[in-house]
Amino acid sequence: MTSPRRTLPALLLAAAALLLAGCTPTVSLDPAEGANAPGCAEISVRLPDTVADKAARETDAQATGAWGDPAAVILRCGVPPIGATTKPCVNVNGVDWVLMTDPAAKTIVYQTFGRTPATEVIIDHVSGVSDSSVLPEFASAISTIKQTEKCLSTLDTDPTATPTP
């Protein structure tokens, strides 16, 4: 028989653990169409513990990630890849990202270019997180997917364009 003196501290410790776990509930997300792709599994196991100084959160959807409380950064792997686009593209640590939304929006979306499965990252600017502090954090994980195409600037695609001095 267990003594009440030993049981009480164990119960208090268990209750404290439950309360702390309740402070950061699971982030409810919808998985992307291709979330079950093997490449998404490769990305998922390599996601960082922190992004822009925000701690990782538990999510309830396959091939997703969330950081911050409330979530300031969300990642979804398995979104349909995009083809040629005139949207802005930036290469960050070897990964091409296309800006899918208005850069002045409060919440913006970047999507990988030239990699299948494609991955999107949603950044909440209201939380104070910047694109430059988020996108580099995913380079190692995203780089596990082979890049088959690269973003080109308008200078690379328009034969009449000339560089400005």
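Below is a summary of the structure that appears in this document. (Residues numbered from 1 in each chain as written. Predicted model: local features only at pLDDT ≥ 70, side-chain atom pairs only at ≥ 80, totals over all residues. Heavy atoms only, no water.)

When its secondary structure is counted, the protein shows five helices and eight strands. Along its sequence from the N terminus, the protein presents helices and strands in the succession α-α-β-β-β-β-β-β-β-β-α-α-α. Taken over 165 residues, the protein has a buried fraction of 36%. Considering only contacts in the protein between residues 6 or more positions apart, those separated by 24 or more positions represent 55%. Carbon and sulfur atoms make up 58% of the accessible area of the protein, which totals about 9900 Å². (Helix = DSSP H or I, 4+ residues; strand = E, 2+ residues; numbered from the N terminus. Buried < 20%, exposed > 50% of the residue type's maximum accessible area, 1.4 Å probe, protein only. Contact = heavy atoms within 4.5 Å. Areas by Shrake-Rupley, 256 points an atom, 1.4 Å probe, with all protein chains shown as cover.)

Time to look at the nonpolar core. V73, W97, V121, V134 and F138 are the most contacted members of the largest nonpolar core, which totals 29 residues. Within the residue set of this core, elements represented by two or more residues are α2 (38-44), β4 (73-79), β6 (95-99), β7 (107-112), β8 (118-124) and α4 (139-142). Excluding residues within four positions of it along the chain, W97 makes contact with P88, C89, V90, V92, Y110, Q111, T112, T119, V121, L135, F138 and I142. Within the second largest apolar cluster, five residues are counted, among which are L29, A61, A66 and I74. (Core = buried A, V, L, I, M, F, W, Y, C linked by side-chain atoms within 4.5 Å.)

On to the side chain of D131, then. Mapped onto the elements of the fold, D131 is located in helix α3 (residues 131-134). Nearest to the buried, unbridged D131 among oppositely charged side chains is K54, at 13 Å. For D131, the side chain forms a polar contact with the side chain of Y110, separated by 2.6 Å. The residues touching D131, leaving out its near neighbours within four places in the chain, are I108, Y110, I123, H125 and P136. (Lys, Arg positive; Asp, Glu negative; His and termini not counted. Salt bridge = Lys/Arg side-chain N within 4 Å of Asp/Glu carboxyl O. Polar contact = N/O pair within 3.5 Å; in protein donor to acceptor, adjacent residues only side chain to side chain.)

This part takes up the state of the cysteines. Taken as a whole, this structure holds two disulfides when the rule is applied. Between the sulfur of C40 and that of C77 lies a disulfide, 2.1 Å long from S to S. Here the disulfide of C40 and C77 is left-handed, its torsion about the S-S bond being about -85°. Taken together, the residues span a long stretch of sequence, with C40 in helix α2 and C77 in strand β4 at a distance of 37 residues. Assessed through its relative accessible area of 1%, C77 is described here as buried. Through a disulfide, C89 is tied to C151; the S-S separation comes to 1.9 Å. On the sign convention where negative is left-handed, the bridge of C89 and C151, at about 80° about the S-S bond, is right-handed. Of this pair, C89 sits in strand β5 (residues 89-92) while C151 sits in the loop between α4 and α5 (154-157), and the two are 62 residues apart along the sequence. Sequence-ordered numbering of the bonded cysteines in the protein gives a pairing of 1-2, 3-4. (Disulfide = S-S within 2.5 Å.)

Strand order in the open sheet formed by eight strands is β1-β2-β3-β4-β8-β7-β6-β5, and the pairing between neighbours is antiparallel. Every other strand in the sheet has two partners, leaving β1 (50-51) and β5 as the edge strands with one partner each. Taken together, the five bridges between β7 and β8 define a ladder with antiparallel strand orientation. Residue Y110 lies in a different strand from β8, and its bridge partner there is V121. (Pairing = 2+ DSSP bridges.)

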